[in-house]
Amino acid sequence: MPHHLYPNVPVLILIISQERLKTKLTIQNVRTWGDVATTTAADKNAISVFEAWAQYDLSSEWSTRIGRQVIAYDNQRIFGEIDWSQQGQSHDAALLSFHPKNHQLDLGVAVNANSENLLEPKTPYTTNYKTMQYAWYHTQLNKIGMSLLFLNTGYQFQKTPTDLAVDYKQTFGTYLTFKEKKWDTNLGIYGQSGKTATKKVNALYAGVYVGYTFTEQFKASLGHEFLSGKDQDDSSLDNKSFTPIFGTNHAFNGFMDYFYVGNHQNNVGLNDTYLKLNYTSNKWQFALIPHYFNAPSIVLDTDGSKMNAYFGTEIDFTTTYTVQKDIVASAGYSQMFGSSTLERVKNVTNATQTNNWVWVMVSFSPRIFTLK
């Protein structure tokens, strides 16, 4: 989990817009505070290109975009930008979009390689997915919003000492929203199938959220997430653990990142029941979010006996103060009350001890200039 001070600075965001052509270039500085000497050469200062794309509007309803770009949809559970890690998430992809009134259909493709080889390399591509194709459709029906997603990701692996192969995993499902006066609800249901490294994939996800605004200052929400997992006494080779793929995982399942931040492959899954209390007063915003975690699958102790499904309870508290339009100060405190089952699953010895985290962040987001 993040535990140190670091900058995640988009040092330049340049957007150029003509009648039908739009381009965007985002350069970011990603490093730990103080890890660069004052006399370090410029090429070691962690400057990188985060976005570099061009979009052409074929008509008022059709457009296409190609280049390094952010792909984020709905609540960012499957496709997200990841705005908390030292770097965001972007893809080298091509996109075709059809967007008449109240409808949008996006078709995206990507093919990745380590170098410009004319011949197939002898080692598998492991930097990212090898190929990706997806279709995302969204429509607004009065107070109901509906999205449908189909995603196919291909991962290359060494099939034999002299042969490479690609296994494909499919993620598909729907995301529904409903808003009326003081009510705010959403429901997401996704499945996964296909193969990863010759293992059959069969996984499920379901998430529900209900929020109610009592006053202009106070809102309360209740939610639950289920991510399927694999019983530890299951000897099959099937992968039954749901993977959020490209999701903004830090926004879900607690800010201490015990779950689904780099440690979700072939695990026992997760049930997360949470309450969210929000209070706003002038320039201040406060949020209190307790989480109740347990395992939906069987967890075995070292002697082979079944353990209690309870992982633990996490309490997250955050506060935000808007200094002015472009300057926001934030702080937070999180506490995890873990169990021996959490220790067993995470293979650690301190989950039942005091585990807490404090953070402070100041965000500057001025718009220096725009060019049209």
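As shown above, the structure is provided for reference.
Participant: Give a detailed account of the pattern of salt bridges, specifying residues and quantitative values.
Facilitator: Tallied over the entire structure, the rule returns 6 salt bridges. Measuring nitrogen to oxygen at the nearest pair gives 3.2 Å for the salt bridge that ties Arg68 to Asp92. Residue Arg68 is located in strand β4 (residues 62-69), and its partner Asp92 is located in strand β5 (residues 91-98); the two are separated by 24 residues in the primary sequence. Between Glu225 and Arg77 there is a salt bridge; the shortest N-O distance is 2.9 Å. Remark: Arg77 occurs in the loop between β4 and β5 and Glu225 occurs in strand β12 (residues 218-227); sequence separation between them is 148 residues. Taking relative accessible area as the criterion, Arg77 reaches 2% and is therefore assigned buried.

Participant: If you had to explain a nonpolar patch on the surface to someone new, which residues and values would you point to?
Facilitator: Where nonpolar side chains cluster on the molecular surface, the patch consists of Leu21, Tyr56, Leu58, Trp62, Leu96, Leu105 and Leu107 and spans about 560 Å² of accessible area. Relative to the assigned elements, Leu21 resides in strand β2 (residues 21-30).

Participant: Outline unusual backbone geometry, supporting the account with residue identities and numerical values.
Facilitator: If you check the backbone angles, Gln76 has positive phi at about 65° while not being a glycine. Residue classification places Gln76 among the partly exposed positions, given a relative accessible area of 25%. One non-glycine residue with positive phi stands out, namely Asn142, at about 55°. Summarising the element assignment, Asn142 is placed in the loop between β7 (131-141) and β8 (144-160).

Participant: Can you tell me about the environment of Ser228, naming the residues and giving the values?
Facilitator: If you trace the backbone, Ser228 turns up in the loop between β12 and β13 (270-281). C-alpha separation for the pair Ser228 and Tyr205, spaced 23 residues apart in sequence, amounts to 6.4 Å. Not counting residues within four places of it along the chain, the set of residues in contact with Ser228 comprises Ala203, Leu204, Lys240, Ser241, Phe242 and Gly269. Here the side chain of Ser228 touches Lys240 through a polar contact of 2.8 Å, landing on its backbone oxygen.

Participant: Break down the packing of aromatic side chains for me, with residues and values.
Facilitator: Aromatic rings considered in pairs are described by the distance between their centres and by the relative angle of their planes. Counting across every chain of the model gives 20 aromatic pairs. Between Phe79 and Tyr134, the aromatic rings sit 5.0 Å apart at their centres with planes inclined by 50°, giving tilted as the arrangement. Taken together, the residues Phe79 in the loop between β4 and β5 and Tyr134 in strand β7 connect sequence positions 55 residues apart. For the pair shown, Phe79 and Tyr134 are each scored as buried. Consider the rings of Tyr129 and Phe246, whose centres lie 5.3 Å apart with planes at 65°: the pair is edge-to-face. Taken together, the positions of Tyr129 in the loop between β6 (103-111) and β7 and Phe246 in the loop between β12 and β13 put the pair 117 residues apart, joining distant regions of the chain. Through a chain of ring-to-ring contacts, the aromatic side chains of Tyr73, Phe79, Tyr129, Tyr134, Trp136 and Phe246 assemble into a single cluster. Between the NZ or CZ atom of Arg65 and the centre of the ring of Trp53, over which it lies, the distance is 3.9 Å. In this structure, Arg77 packs its charged tip against the face of Phe252, placed 4.2 Å from the ring centre.

Rules and cut-offs
Residues numbered from 1 in each chain as written. Predicted model: local features only at pLDDT ≥ 70, side-chain atom pairs only at ≥ 80, totals over all residues. Heavy atoms only, no water. Salt bridge = Lys/Arg side-chain N within 4 Å of Asp/Glu carboxyl O. Helix = DSSP H or I, 4+ residues; strand = E, 2+ residues; numbered from the N terminus. Buried < 20%, exposed > 50% of the residue type's maximum accessible area, 1.4 Å probe, protein only. Patch = residues over 30% accessible without salt bridge, like charges linked within 9 Å, V, L, I, M, F, W, Y side chains within 5 Å. Areas by Shrake-Rupley, 256 points an atom, 1.4 Å probe, with all protein chains shown as cover. Contact = heavy atoms within 4.5 Å. Polar contact = N/O pair within 3.5 Å; in protein donor to acceptor, adjacent residues only side chain to side chain. Phe/Tyr/Trp six-rings, centres within 6.5 Å; stacked < 30°, edge-to-face > 60°. Lys NZ or Arg CZ within 6 Å of the ring centre and 35° of its normal.

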